Structure formats: C-alpha cells, structure tokens
Amino acid sequence: MRRSLRIGAGFILAFLIVTCTDKSVTGLRERGTAALNLSAFQSGPQPGMPDIPIDSVRVVLDRLPLTATAPAIDTVIRFTPAPDTMTLDVNVPLDKDPENFQLTVLAYGGGTVWYRAIDTTAVSSGKPATPLLAVKYVGPGAGATSVTLAPRDTTVTGGQTTPLRVTVDSGATAISNVPVGILSGDTTKGKVTQPTFTTGSFVGKSGIRDSVWLYVETPTHLRDSTRIHIVPPPAQIVKISGDSQSVIVNGTAAAPLAVRVEDALNGGSPGVSVAWSVTQGSATFTPPSPVVSDTGGYVRVNVTPSSLGTVKVQATASGLTGSPVTFTVSVLAGIVHQVIVAPKVDTVAKGVAAQFTATLKDSLGNVISTVKPVWTSTNVAVATVDSTGLATTLAGDSTYIIASAGGFADTARLFVRAPIKVALSPSDTVITSIGDSVHLTGVVLTNFGDTVKTATVIRFASTVPSVVTVNAVTGEAHLVGAGNGVVLATDTISKVTGTATLRVNQKVFGIVNTPPDSVEVGVNGQAQILATATDKNGHPIPGKTFGWLTRNPAIATVNQSGVVTGVTIGAGPT
C-alpha cells in the first residue's frame, strides 16, 4: 500500500539507518554505499497528534571535520505520495575506511522546514553504520511556551457541533500556523474533527449524559485539556407549579408559573428558550418573555393579571413534546382599602347642583367598581346629596360631603354661594338741608361677601316718606322733612333687601325775623319780634334758641323772648 508521507509529533526521536553496501571496496578513495531508511518520516498522524504534511526530505552528508568543501551527499527527495518505506541508496566516496561524516536530514512540507535531524556516523566498506538521529521540530511554534484549548469546561448537546479553538503563544504573544493535534479521551462519547491547525469541532454522541476530556498537543509536546459535558437534546416540556391560583387583579401571583425542559433521559435541559403568552384575559410577565431554562432545565415567571375573571397563560417550547403548557389563574377584585372623593372642594350658587364622585380602591390600588359608596351631607340645611353623589344646594353656607365604603371614607367641602343682602351706598349719611337729594346705588352681596354681577333687579322704597322720597328705579332720594329717613332696597330676583339711613340734620344758614323789617312801639309800649332759623334751602329749623340785644337801649330795650319795650321817642336797631 501507499500513503502520504507525514510525520506525527510522537516521532521526534526517529531512527535512520546508514549502511555501506559495497563490501568489495578496499583502500583509500574507494566508494561505499549509504542506505538511509526514511520510514520514521513516513508514519501517518496518530490520533491527537499534529498532522504535518511532509512532501520532501533533504539529506546532507558532510565529511568530518567540517570544511568548506562540498558535501559528499546533498540530495532532495520529493514524494507524491511516498511509499510505506523508503531506502535512499547513494554512493559515498571514502577518503579513508572507515570515514566519519555528519549526517543532516531536513523534512519539508509546503516549503517550510518542519523537522531537522543531525548526527555523526562512520561509513565503512565492511560493515553497516546505525546512527540514532534525534529528530527535532523546528517549524512554527518551536519556541512556544503554552497552548490553550477552548471552550473550557463546557456543556454541549449530543449531536450538535461545538467549535474548538486552540491558541499557541510564547509569553503574551500568540503564534500563528502552529500545527497541533486534538484528541478525545474517549472516542465512544464523541468525535473530534480538525479542519485546520488551530480549529476543530466536537460532536457529542446523542442519547448519553456523560463527560469526556479533550486534549491538545503541539509538536514540541506542550499540552492542554478541557472537559466537555454531554447532555441529550431537549425532548419535552413539563408543568411544574403555579397552576390554578387565585390572585387580586394587578397583583402578582403568590407562586411563579414554572415548567421544566427535560431531555430523553428526564434530566433538565438548560439554555432552551420558552415563550410565554396570554391566551385569555390580560397579564404581564417578569422576566419578560421569552425566558431561557436554567442549569436544571427550569423556567419560572411571575404573572401579574390586569383583568378580572379567568386568565390563561401558555408556555411554548418549539418542537418539544407537551408544548404548549397551559396555566389558569383566577383573578379577583380586592376589598375596599381606600375611598377617594373628587372634587375635594367645590363652590356653587344656591340652587345649582354639584356632582361628586368616589373612587374605591383595594390595597393594591385596583379600582373596585362592584361596590357603591354611601353618601352623606353634614349640613342638610345647606345641601343634600343622593346615592350617586349629586348634591342639591338649598342655602348659602358650607357643608361636608362624605363618601364611605368598607369602613373607609373620604370627605369633600361644598360651599354654597347665596345672596344675603343688598348693600346701599351711601348707607348712612347726614344731610344738612331739607330739599337736598342723594343718589343711592345698590349691589347684591353673597354670604362670601362677593358681588352678584348678574340676574339682579334692585328696586327702592322709602319707609319714612315724611322725611325722604325716592325714585323706585333710579334710587334718587329727595329729603322732604327733618328727621331720619330710611330707604329700603329689594332685589326682586333673590328677594334679599338692604337699607340706607338718610339723617336730616339741618344746619343754620340764616335767620328770618317777623316782622322782617321794623316794629313801632310807644314809650313804654311793647311789640313782639319772632325769629326763625333756616337752612340753606330756606326751610325753617325748629327748636333753635336766639339771643336778643338792642344797639340803642336809650330808645328801646328787648328781652330774650324778643319783646321790644319803647323807652323814648326815636329810632334804633335791635
């Protein structure tokens, strides 16, 4: 048979036999024959050994001591392919018998020198020479300090290909194109292939759960190893826990939903993607779908339903028996834990309805729509409230509107704005003369002191017409007598009233005597002069006291009642 000429790393010490086959040679300058057995370079690669192609061998035979003369033999043998064994027969001219030579053998492949063997041997015409040549690797990576096989301690699925990576370095520097061999510690558990020097792949056997060591070796016998754990491929998905739970809406279920991905040997299968979906109702998942099975094959999710009733969830693992797995969760409303009334404060006019709402929530903040609150008003004289939260306002003031349910309550404040009076301006004034006029204006005020700006019609009336008269529409008041006059203003819409007091306090503006010019009296005769005080409009002012005097008492005197008595004949002012 024939095979490619290759060499394995395990053959660093190779044997080359050199013999002289011409036994008839005698004396100096005779020739002998050197026979080199090259079978050491012809061994095929051993499992796990570097697979180095050798396509040629160079043999050099130099006389000793070494001189600058040409070698006795320098020949290259190429193989396409090489036979199982090969012997190189060459004629060696001997300067003496025996003669010492240095034998150098170089192994080439693809133009690269991979191995070199050097030794001394004696060539004789009488007996064969059998030197032992130490074959040394001199190709790429000859100076490497370490080799690493990856991945490290990994788990693979039987039947699936796992890439292998080899790194050869010298110190911190990686070396490329270094031939290495990768070997499985147990070929019954998986197969190693190696398409390039530094890459390979491993395919574990299907249907087993076991481990195998992989080894790597360089031509200089640097070694590394890694452990591969082989598991069967995933076969089925099984429901573990979490089915048929009850949970409050928007609350997370007490127990997570759990499934397990198992292989054909009922062991857990890690790294399998499981998709979670809601087929009825609504819910969210934590973590979000999809979820990858853990080292034990388990997949767990927390489910939070967001709809009442029944929520159905499916766990799906494509291609596995038992998929999909269905879970059912009963979703319930919680009990009342909080009541929220809105609005918190409202102000409306008397007679206007005010709508309040109450939101009931459970302990998780879910809105409860199945329970109705009870509504009450703390001051029913101001407003009442019905079962829907609609408040009917009755009087101006404030009241609290309360909604209660399940032992919880919340309160709102309702202010009712209502007209309470008509405010007149001026409200209390003093007039110094009868006949004067005052213009009255009025506005309607609410219980909060603000002005009603719309829907008011104010009419005026005098309650003391002997003192004041007033225009009912314009509010123009006319003082007709002394005293206090009161004007009543009424809002004909709201029926509220208000008053203004006009106080007539006449101020003396002049004095009128009667008779106005003069009186005549005889000596010792008497005459009465009457004095009247008047305001600026000439209206008499009753109740005034006057002081009397005469400027010529020799003619007449006057007492404090205005009685003039003649003293002598003549005329003079009084």
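Predicted model only: the values in this text are computed from it and were never measured. (Residues numbered from 1 in each chain as written. Predicted model: local features only at pLDDT ≥ 70, side-chain atom pairs only at ≥ 80, totals over all residues. Heavy atoms only, no water.)

Draft legend 1. Region of interest: the overall build of the protein. Along the protein, the regular secondary structure elements total zero helices and 54 strands. Pairs at least 24 residues apart make up 58% of the contacts formed inside the protein by residues separated by at least 6 positions. As displayed, the protein offers around 28800 Å² of accessible surface, 54% of which is attributable to carbon and sulfur atoms. (Helix = DSSP H or I, 4+ residues; strand = E, 2+ residues; numbered from the N terminus. Contact = heavy atoms within 4.5 Å. Areas by Shrake-Rupley, 256 points an atom, 1.4 Å probe, with all protein chains shown as cover.)

Draft legend 2. Main features of the sheet that holds strand β14 (residues 154-157). Reading across the sheet, the four strands line up as β14-β21-β20-β17 and stay open at both edges, with mixed pairing between neighbours. Bordering the open sheet on either side are β14 and β17 (181-184), each of which pairs with just one other strand. Going from strand to strand, the sheet's axes swing by 30° on average, the running direction of each strand aside. Bridge count for β14 against strand β21 (residues 223-231) is four bridges, and the pairing is parallel. Following the sheet pairing, V156 is matched in β21 by I230. (Pairing = 2+ DSSP bridges. Axes fitted to C-alpha atoms, helices over the stretch in contact; angles between N-to-C directions.)

Draft legend 3. Seen up close, the packing of aromatic side chains. Summed over all chains, the structure comprises five aromatic pairs. With a centroid separation of 5.9 Å and an interplanar angle of 35°, the aromatic rings of W276 and F327 are classed as tilted. Of this pair, W276 sits in strand β25 (residues 273-280) while F327 sits in strand β30 (residues 325-332), and the two are 51 residues apart along the sequence. Each member of the pair, W276 as well as F327, is classed as buried. (Phe/Tyr/Trp six-rings, centres within 6.5 Å; stacked < 30°, edge-to-face > 60°. Buried < 20%, exposed > 50% of the residue type's maximum accessible area, 1.4 Å probe, protein only.)

Draft legend 4. Local environment of the side chain of R260. You can see R260 is positioned in strand β24 (residues 257-263). In this structure R260 comes out as buried when scored by relative accessible area, which is 16%. Among the polar contacts listed, one links the side chain of R260 to the side chain of E262, at a separation of 3.3 Å. Reaching out from R260, the side chain makes a polar contact with the backbone oxygen of G296 at a distance of 2.9 Å. (Polar contact = N/O pair within 3.5 Å; in protein donor to acceptor, adjacent residues only side chain to side chain.)

Draft legend 5. Molecular detail of the pairing of β24. Among the seven residues of β24, seven are classified as buried, and the element is accordingly described as predominantly covered. Because side chains alternate across β24, one face comprises the buried residues L257, V259, V261 and D263, and the other comprises A258, R260 and E262, equally buried. Of the pairings in the sheet, the one linking β24 to strand β28 (residues 298-305) comprises four bridges and is antiparallel in character. If you follow L257 over to β28, its bridge partner there is V301.

Draft legend 6. Fine view of the pattern of salt bridges. Taken as a whole and assessed by the stated rule, the structure comprises 14 salt bridges. The partner of R260 in a salt bridge is E262, and the shortest N-O contact between them spans 3.3 Å. Assigned by exposure class, R260 and E262 land together as buried. Of the charged contacts, one joins D450 and R417 as a salt bridge, the two residues approaching to 2.9 Å between their closest N and O atoms. Separated by 33 residues along the polypeptide, D450 in the loop between β43 (441-446) and β44 (458-462) and R417 in strand β39 (residues 408-417) bring together distant segments of the chain. Residue classification places D450 among the partly exposed residues on the basis of a relative accessible area of 27%. If you follow the salt bridges from partner to partner, you end up with D186, K189 and D210 in one network. (Salt bridge = Lys/Arg side-chain N within 4 Å of Asp/Glu carboxyl O.)

Draft legend 7. Summary view of unusual backbone geometry. For the bond from T286 to P287, the omega torsion is -5°, close enough to zero to count as cis. Here S323 and P324 are connected by a cis peptide whose omega angle stands at 0°. Summarising the element assignment, P324 is placed in the loop between β29 (309-316) and β30. Phi angles above zero are rare outside glycine, and D153 is one such case at about 45°. Take D153: it is sitting in the loop between β13 (146-150) and β14. The phi torsion at N177 lies on the positive side, around 60°, for a residue other than glycine.

Draft legend 8. Broad picture of the environment of P540. Assignment of secondary structure puts P540 in strand β52 (residues 540-541). Classification of P540 as partly exposed rests on a relative accessible area of 47%. The sequence separation of P540 and F509 amounts to 31 residues, and the corresponding C-alpha distance is 9.9 Å. If we ignore the near neighbours within four places in the chain, the residues touching P540 are Q506, T532, A533 and T534.

Draft legend 9. Fine view of the side chain of Q506. Tracing the sequence through the fold places Q506 in the loop between β48 (497-504) and β49 (510-514). Among the polar contacts listed, one links the side chain of Q506 to the side chain of D535, at a separation of 2.8 Å. Among the polar contacts made by the side chain of Q506, one reaches the main-chain carbonyl oxygen of P540 at a distance of 3.3 Å. Those residues in contact with Q506 that sit more than four places away from it in its chain are I431, T432, I434, A482, D535, H539, P540, I541 and P542.

Draft legend 10. Summary view of the confidence of the model for the protein. Across the protein, the average pLDDT comes to 85, with 88% of residues at 70 or higher. Segment residues 1-45: pLDDT under 50, and 157 contacts once partners within four positions in sequence are set aside and those in other chains are kept. (pLDDT = per-residue confidence, 0-100.)

Draft legend 11. Representation of the nonpolar core. Ranked by size, the top nonpolar core spans 25 residues in total, and within it V259, V274, W276 and V313 carry the most contacts. For this core, the secondary-structure elements that each account for two or more residues are β24, β25, β26 (283-286), β28, β29 and β30. Among residues more than four places away in sequence, those in contact with V313 are L257, W276, S277, V278, T279, F285, V303, V325, T326 and F327. With 21 residues, the next largest nonpolar core counts I52, V105, V123 and V135 among its residues. (Core = buried A, V, L, I, M, F, W, Y, C linked by side-chain atoms within 4.5 Å.)

Draft legend 12. Structural context of the sheet that holds strand β42 (residues 437-439). Read from one edge of the open sheet, three strands run β42-β46-β45, paired in antiparallel fashion. Every other strand in the sheet has two partners, leaving β42 and β45 (468-470) as the edge strands with one partner each. The sheet shows a mean angle of 20° between the axes of neighbouring strands, direction not considered. Note that β42 and strand β46 (residues 476-479) share three bridges and pair antiparallel. Each bridged residue has a counterpart across the sheet, and for V438 the counterpart in β46 is A477.

Draft legend 13. A look at the pairing of β30. Only one face of β30 is covered, namely the face carrying V325, F327, V329 and V331; the face carrying T326, T328, S330 and L332 is uncovered. Of the pairings in the sheet, the one linking β29 to β30 comprises seven bridges and is antiparallel in character. Looking at β30, one finds that V311 is bridged to V329.

Draft legend 14. Seen up close, the environment of V422. Relative to the elements of secondary structure, V422 occurs in strand β40 (residues 419-425). Along the primary structure V422 and S494 are separated by 72 residues, whereas in three dimensions their C-alpha atoms are 9.9 Å apart. For V422, the residues in contact, after removing those within four places along its chain, are G442, V443, V444, I458, A489, T490, D491, V496, T497 and G498.

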